[in-house]
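Summary of the model geometry
Here is what each chain is made of, one letter per residue.
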Amino acid sequence: MIAAGQPLLKTRFCGAKIGIADADSMKPQLQAPLLYVGREFRVIDCDFLRCFVLHKPDDNRIELQRHSAIGHKLAIALPDESATTRFAERLAKVIVPGMLIYLRGDLGAGKTTLVRALLHALGYQGRVKSPTYTLLEQYQVQGLHLCHFDLYRFQDPSEWESAGFNDELDDVNICLVEWPDKAGTLLPVADLEIIFDILPDGRKIVLHANSNTGSECLRNLAS
């Protein structure tokens, strides 16, 4: 068994089918994937996949790939709003103070929708506004401090510093940043990146863990 977060050198997935867990019985329908490590074949635990079936049991649009020695790359299909809500409920249980999360995707991809669902999952009862014009909206709920940034209207990366936003990046706030590229190199590497892709029948999100904190977040999502 390959432990989550363990470095993999010269690895590749072979042509084996990846078993997708049935959402009701939670029993694998196909064989577990094989991972080629050096000269050995090892079985990857499909338990890591189970909680990411956030759509119909017969919808097999889910991928798991090794992203780096730090964490994982996970692709999740979100065919409708209820799937987004269920994912937000799981995410709400595993985020921790001090996390920096990037939200990447085109206009209308669902970035603010996910933040709204996340806050509601945490128990926030008020209105969740898009920070497109205010640049930053702050929330306090269940002892957590969330900062929701939208940098789309930035004309220059220096606006990040002139606005004093660096002060919000601390060990207390959970910062969710839409359009982080607008701040150039003034932002540090995120613990977790969520990339949104618009599909004909919904959305797909890809999660990248770039730190130990982000990797732990993904492991907790799967537990």
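Definitions and limits used
Residues numbered from 1 in each chain as written. Predicted model: local features only at pLDDT ≥ 70, side-chain atom pairs only at ≥ 80, totals over all residues. Heavy atoms only, no water. Salt bridge = Lys/Arg side-chain N within 4 Å of Asp/Glu carboxyl O. Helix = DSSP H or I, 4+ residues; strand = E, 2+ residues; numbered from the N terminus. Phe/Tyr/Trp six-rings, centres within 6.5 Å; stacked < 30°, edge-to-face > 60°. Buried < 20%, exposed > 50% of the residue type's maximum accessible area, 1.4 Å probe, protein only. Pairing = 2+ DSSP bridges. pLDDT = per-residue confidence, 0-100. Contact = heavy atoms within 4.5 Å. Expected span 1.5 Å × (residues − 1). Core = buried A, V, L, I, M, F, W, Y, C linked by side-chain atoms within 4.5 Å. Lys, Arg positive; Asp, Glu negative; His and termini not counted. Polar contact = N/O pair within 3.5 Å; in protein donor to acceptor, adjacent residues only side chain to side chain. Disulfide = S-S within 2.5 Å.

1. As for the pattern of salt bridges
As a working rule, side chains carrying opposite charge can pair if their charged atoms are close by. In the structure shown here, the tally under the stated rule is 4 salt bridges. In this structure, the salt-bridge partner of Arg104 is Asp181, at a minimum N-O distance of 2.7 Å. In this pair, Arg104 sits in strand β6 (residues 100-104) while Asp181 sits in the loop between β9 (173-178) and β10 (192-199), placing the two residues 77 residues apart along the sequence. The closest approach of N and O atoms between Arg219 and Glu216, which form a salt bridge, is 2.6 Å. Of this pair, Arg219 and Glu216 both sit in helix α5 (residues 212-222), 3 residues apart, which is roughly one turn of the helix. Connected through salt bridges with shared partners, the residues Arg104, Asp181 and Glu193 form a single ionic network.

2. Focus on the packing of aromatic side chains
Evaluated as defined, the whole model comprises 5 aromatic pairs. Measuring from centroid to centroid gives 5.2 Å for Phe149 and Trp160, while their planes differ by 50°, and the two rings are tilted. Placement of Phe149 in strand β8 (residues 144-150) and of Trp160 in helix α4 (residues 158-162) is noted, with a sequence separation of 11 residues between them. Here Phe149 and Trp160 have matching classes, each one buried. When the centroid spacing of 5.0 Å and the interplanar angle of 55° are considered together, the rings of Tyr152 and Trp179 count as tilted. Of the two residues, Tyr152 sits in the loop between β8 and α4 while Trp179 sits in the loop between β9 and β10, which places them 27 residues apart along the sequence.

3. Here we look at the pairing of β9
In the case of a regular strand, side chains alternate between the two sheet surfaces. Within β9, 6 of the 6 residues are buried, leaving the element largely enclosed by the surrounding structure. Here β9 shows no split at all, with Asn173, Cys175 and Val177 on one side and Ile174, Leu176 and Glu178 on the other all buried. Pairing of β8 with β9 involves 6 bridges; the strand directions are parallel. Paired with His145 across the bridge in β9 is Asn173.

4. So, the confidence of the model for the protein
When the pLDDT values of the protein are averaged, the result is 76; 68% of them are 70 or greater. Counting interchain partners and residues more than four positions distant, the pLDDT-below-50 stretch residues 1-70 has 136 contacts.

5. Quick look at helix α3 (residues 111-122)
Owing to its 3.6 residues per turn, the α-helix aligns residues three or four sequence positions apart on the same side. For α3, which comprises 12 residues, the first-to-last C-alpha distance of 17 Å matches the rise-based estimate of 16 Å (1.5 Å per residue) to within 8%. The secondary structure elements touched by the buried residues of α3 are α2 (81-92), β6, β7 (136-141), β8, β9 and β10. Remark: Gly123 follows α3 within two positions and exhibits a positive phi of approximately 105°.

6. Side note on the nonpolar core
Counting 36 residues, the largest nonpolar core has Leu91, Ile101, Leu146, Ile194 and Leu207 as its most contacted members. The contact partners of Ile101, leaving out residues within four places of it in the chain, are Ile95, Ile174, Cys175, Leu176, Val177, Leu192 and Ile194.

7. Details of the side chain of Lys111
In this structure, Lys111 sits in helix α3. Buried Lys111, no salt bridge; nearest opposite-charge side chain is Glu178, N-O distance 4.3 Å. In this structure the side chain of Lys111 is engaged in a polar contact, spanning 2.9 Å, whose partner is the backbone oxygen of Asp106.

8. Looking at the pairing of β7
Looking at chain direction, β7 and β8 are connected through 6 bridges and run antiparallel. By the bridge assignment for β8, Leu136 is matched with Phe149. Taking the residues that link successive antiparallel strands as the turn, the β7-β8 hairpin has 2 residues, and the phi of Gln142 there is positive, at about 50°.

9. A short note on the state of the cysteines
Within this structure, the stated rule accounts for 0 disulfides. Cys175 takes part in no disulfide bond, and the closest cysteine sulfur to it belongs to Cys147, at a distance of 4.4 Å. A relative accessible area of 1% places Cys175 in the buried class.

10. Remarks on the environment of Val172
Along the chain, Val172 turns up in the loop between α4 and β9. Separated by 73 residues in sequence, Val172 and Met99 place their C-alpha atoms 8.4 Å apart. Residues in contact with Val172, not counting those within four places in the same chain, are Pro97, Gly98 and His145.

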